[in-house]
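Observations on the three-dimensional arrangement
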Amino acid sequence: MATLLYRLGRASFRRRRLVLALWIAVLAVLGASAAAFNGPTASNFSMPGTESQRALDALAEQFPQAAGATGTIVVAAPDGQALASPGNQTAVRALVKEAAALPGAVAALDPFQVGAVSADGRYALVQVQFAETADQLTAAQRTAYHDSGKSARAAGLRVEHGGEVMAAAPEIGGTEGLGVAVAAVVLVITFGSLVAAGMTLLTALIGVGAGMAGLFALSSAVELTSTAPVLALMLGLAVGIDYSLFITSRHRQYLLDGLTPEEAAARAVGTAGSAVVFAGATVVIALAGLAVVGIPFLTVMGLAAAATVAVAVLVAITLQPALLGFAGLRVLPRKQRRTEHATAATRPGLGFRWAYVVTRWRVSFIVAGVLLLGGLAVPAAQMRLALPDAGTAAEGTAARQAYDLISEGFGPGFNGRLAAVVTGGSAEATTRAATEAATAIQATKGVLAVTPPQLNAAGTTALLGVIPATGPTDEATETLVHDIRAKVAESGDVSLTGQTAIGIDISAKLAEALPVYLLLVVGLSVLLLMLVFRSILVPVKAALGFLLTVGGTFGVTVAVFQQGWLSGLFGIDTPGPLVSFLPILMIGILFGLAMDYQVFLVSRMREDFVHGDTARQATISGLGHGTRVVTAAALIMISVFGGFVFMDDPIIKSIGFALAFGVAVDAFVVRMTIVPAVMSLLGDRAWWLPRRLARVLPNVDIEGERLREHLGHAAPEAAAKV
């Protein structure tokens, strides 16, 4: 592997103009394809095989007139007034007429005719039905909907707009750019060279640009959820910068050792590039493994992010050495450029001093690290999962204001209505089953009201609206869903759906798939690490360290987003349950990223051990040489992920926070503290591999031993020719 990548790096360096031109051409073609074939993203979460999905499919088939998006306009009269007064009633009916004439709307229901007025007469709900789904609505249609009701406001009424129509894809803005700016500062400080920092950042941006353009080019053929492109962007930026950082750092080290720029670039790709390839492979395995869960939107999210990471790896081992060829010695600070074959300072750096301390007090550091992460993991025992609703949106947004006004006027249950779909062989059987189901549901504790059965044209499907007494993410509503499903089980073919029911079904399906996912991803990654390090204990230790990382990450994420600790600092207005698919998504992503740092640090330890150092010396050398670059890489990832914490979308916010905190914990506590302490404690046993297994496993040569032999043979041959 190292020899192959060495040749690739040297070829890219020599043909740098061609490599750069090819990548620019690829970027241009993908960009044009994205512009031509870009399709809408989806905001719905489909889950084949679940009860809530069966109900949604039946509704779409049997009630096509209600298959489009719905909007809810909330109207409130001032204190002491009622909407039924002549002036207010006229304003409300004018609003209904205006809503019915909105672009794409097929109907708007008069609240006075359908009984959608609160008991005190101050609040009313205007339901607006659109012909197209929420994902198909244009920005102009959403804007027209949001701007409706000006005449009602002029009459003194409060008007807020909510519903599916207000669900738009997350917007990428300045907060994400702030993360990239911080990453640029870290690069400048790390390298001491604007050229090296700018080149590394440029490589990452080209890679993520190509990956995102390819993703959007496929969006018209593949249904992308609104969070999939953001996740791909988040990971593509972070790993793209980090992978280029590792290769550039090794290149600079070889330059300081006296190698020519061409030879330095080739060897950097052969050694650090090997670590990049295997680290990227673990991330791709972890993300692509999400397909085993069997939930389409999660599969798409995983594959989209995996593809972006794969592009980042390819860019790092081809475009990066080409750009190093253009930069020459300018990747070094000016002071080192002026000194012929400058060498690093002889005084041990902070990384080496830290390595000496950790290996000397190894048991104390292991115990302290485990206790720290164990304590951080405690809140994870109280984790609750659900789908986010408008109640978790940022205060001041239209969706949040409508949610709060509905809760104020009608109760929180009106924001999370459930729907029971009853099917039968005939109109008579369906009516009987629907009546029995309605009676059973109405008698269930926690049900505020049940609407009369609404039958389709054939009379074979009935729809019952169920209004809970509590909000969609309330624990009482989750209990209610389970109670209703248990009660109507004997009333015929009855399926319950709604936001709370969908969240419960997603959580159940994910919990069922999690053991299989973990076995597949962890098993394949441990096998891959066994190939890389030719050791049994090193991969097992890496997996156990990951358990500490994920436990601490989930504990702190629950404490902040669910229990409200320091929530104001991160712009969380209303703490609540975590999004249903966050645990399995974070396990996949964090496992891949954790193995990144494992490979980068331990590969250097393995390299020094193979070349004659003792196990302790190899541990100190690997950590000493790797601390600066791994610290920079971790800070870059933290800043990139942290930039997404300040988005309004609660899903993206929680993902960004969990990734940023998880990377911090894994890099600084697990990989740079616990891992070297354990390696020092194990000594030579860390590299033990049974002889039979050693003969079976192929030697991928990540430490570059064969590359050194190849270069050693090549040098005399070159001298003979001279």
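Located above this text is the structure these notes cover.
All figures in this text were calculated on a predicted structure; none of them were measured in a lab.

Below, the discussion takes up the overall build of the protein. Counting its regular elements, the protein contains 25 helices and eleven strands. C-alpha extents for the protein along the principal axes are approximately 100 × 45 × 45 Å. Put simply, the protein has 722 residues, and 55% of those count as buried. In the protein, of all internal contacts separated by at least 6 residues, the share reaching a separation of at least 24 is 79%.

As a further point, take the pattern of salt bridges. A side chain with one charge may pair with a side chain of the opposite charge, provided their charged atoms come close. One pass over the full model with this rule turns up twelve salt bridges. Two residues, Glu262 and Arg14, come together in a salt bridge whose shortest N-O distance is 2.6 Å. With a gap of 248 residues between them, Glu262 in helix 11 (residues 261-288) and Arg14 in helix 1 (residues 2-14) connect regions that are remote in the sequence. Where salt bridges share partners, they join Glu51, Arg485 and Asp505 into one cluster.

Judged by nonpolar contacts, the single largest core of 154 residues is most densely connected at Tyr243, Leu298, Leu585, Leu593 and Phe641. Excluding anything up to four places from it in sequence, Leu593 contacts Leu235, Val239, Val283, Met637, Phe641, Leu659 and Val663. Grouped together as the second largest cluster of nonpolar side chains are 24 residues, Ala69, Val96, Ala105 and Ala134 included.

With respect to topology, four strands assemble into an open sheet ordered 2-3-1-4, the strand pairing being antiparallel. On the outer flanks of this sheet lie strand 2 (105-108) and strand 4 (158-163), each paired with one strand and no other. Put simply, the sheet's adjacent strands are angled 25° from each other on average, direction ignored. Taken together, the three bridges between strand 2 and strand 3 (residues 123-130) define a ladder with antiparallel strand orientation. Bridge pairing in strand 3 links Ala107 to Gln129.

Bringing the side chain of Arg534 into the picture now. In this structure, Arg534 sits in the loop between helix 19 (499-533) and helix 20 (537-562). Take Arg534: its relative accessible area is 13%, and that puts it in the buried class. Side-chain polar atoms of Arg534 contact the backbone oxygen of Ala694, separated by 2.7 Å. Other than its neighbours up to four places away in sequence, Arg534 contacts Leu529, Arg606, Trp687, Leu689, Ala694, Leu697, Pro698 and Asn699.

If you check helix 21 (residues 582-610), its first and last C-alpha atoms are 40 Å apart, about what 29 residues at 1.5 Å a residue would give, namely 42 Å. The element helix 21 is extensively covered by neighbouring structure, given that 27 of its 29 residues are classed as buried.

Before going further, it helps to examine the environment of Ala288. Residue placement: Ala288 occurs in helix 11. Linking Ala288 and Leu303, residues 15 residues apart in sequence, is a C-alpha distance of 5.2 Å. If we skip the residues at most four places from it in the chain, Ala288 touches Gly302, Leu303 and Ala306.

Here the focus is helix 16 (residues 398-410). Since the α-helix packs 3.6 residues into each turn, any two residues three or four apart lie on the same face. Taking 1.5 Å per residue, 13 residues should reach 18 Å; helix 16 reaches 18 Å between its end C-alpha atoms and fits that length. Among the residues making up helix 16, those that are buried are Ala398, Arg400, Ala402, Tyr403, Leu405, Ile406, Gly409 and Phe410. Tucked inside the fold, the buried residues of helix 16 contact strand 1 (70-76), strand 3, helix 6 (139-147), strand 4 and strand 7 (447-450). Count one or two residues on from helix 16 and you reach Gly411, which has phi positive near 105°.

One can find Gly302 in helix 12 (residues 296-327). Overall, the relative accessible area of 0% leaves Gly302 in the buried class. Separated by 14 residues in the primary sequence, Gly302 and Ala288 place their C-alpha atoms 5.4 Å from one another. For Gly302, the contacting residues outside a window of four places in its chain are Leu287, Ala288 and Leu290.

Two packed helices can be described by the angle between their axes and the distance between those axes. At a minimum axis distance of 8 Å, the contact between helix 14 (residues 350-360) and helix 23 (residues 650-682) shows a crossing angle of 55°. Viewed along their axes, helix 14 and helix 23 adopt a mutual orientation that is oblique. Helix 23 is crossed by helix 14, and the crossing has right-handed handedness. Contact residues: helix 14 offers Trp354, Val358 and Thr359, while helix 23 offers Met672, Thr673, Pro676, Ala677 and Ser680.

Structurally, Arg400 is set in helix 16. Look at Arg400 and you get buried, because its relative accessible area is 7%. Among residues more than four places away in sequence, those in contact with Arg400 are Ala390, Gly391, Ala393, Ala394, Glu395, Asp573 and Thr574.

Turning next to the packing of helix 10 (residues 228-256) against helix 21. Between helix 10 and helix 21, whose axes approach to 12 Å, the crossing angle comes to 5°. With respect to helix 21, the axis of helix 10 lies roughly parallel. Packed against helix 10, whose contacting residues are Leu231, Leu235, Val239, Asp242, Tyr243, Phe246, Arg250 and Gln253, the element helix 21 presents Leu585, Ile589, Leu593, Asp596, Tyr597, Phe600, Arg604 and Glu607 at the interface. The class makeup of the residues in the contact of helix 10 with helix 21 is ten nonpolar, one polar and five charged.

Tracing the backbone shows Leu231 in helix 10. Considering only alpha carbons, one finds Leu231 and Gly656, 425 residues apart in sequence, at a separation of 8.9 Å. Each residue touching Leu231, except ones within four places of it in the same chain, is listed here: Met301, Ala305, Leu585, Ile589 and Ile655.

Here we come to empty space enclosed by the protein. The tally for this structure, following the rule as stated, stands at one cavity of 30 Å³ or more. Of the volumes computed, that of the largest cavity is approximately 40 Å³. Lining the largest cavity, in full, are Thr549, Leu590, Leu593, Ala594, Tyr597, Gly662, Val663 and Asp666. Mapped onto the lining of the largest cavity, the elements with two or more residues apiece are helix 21 and helix 23. The element best represented in the lining of the largest cavity is helix 21, accounting for four residues.

Procedures and definitions
- Residues numbered from 1 in each chain as written.
- Predicted model: local features only at pLDDT ≥ 70, side-chain atom pairs only at ≥ 80, totals over all residues.
- Heavy atoms only, no water.
- Helix = DSSP H or I, 4+ residues; strand = E, 2+ residues; numbered from the N terminus.
- Buried < 20%, exposed > 50% of the residue type's maximum accessible area, 1.4 Å probe, protein only.
- Contact = heavy atoms within 4.5 Å.
- Salt bridge = Lys/Arg side-chain N within 4 Å of Asp/Glu carboxyl O.
- Core = buried A, V, L, I, M, F, W, Y, C linked by side-chain atoms within 4.5 Å.
- Pairing = 2+ DSSP bridges.
- Axes fitted to C-alpha atoms, helices over the stretch in contact; angles between N-to-C directions.
- Polar contact = N/O pair within 3.5 Å; in protein donor to acceptor, adjacent residues only side chain to side chain.
- Expected span 1.5 Å × (residues − 1).
- Parallel < 35°, antiparallel > 145°, perpendicular 65-115°, else oblique.
- Left-handed = near helix turned anticlockwise from the far one by under 90°.
- Nonpolar A, V, L, I, M, F, W, Y, C, P; charged D, E, K, R; others polar.
- 1 Å grid on protein atoms, 1.4 Å probe; cavity = no way out; pocket = protein on both sides within 12 Å on 5 of 7 lines; lining within 4 Å.
- Points joined across faces, edges and corners; volume = space filled by probe spheres on them.

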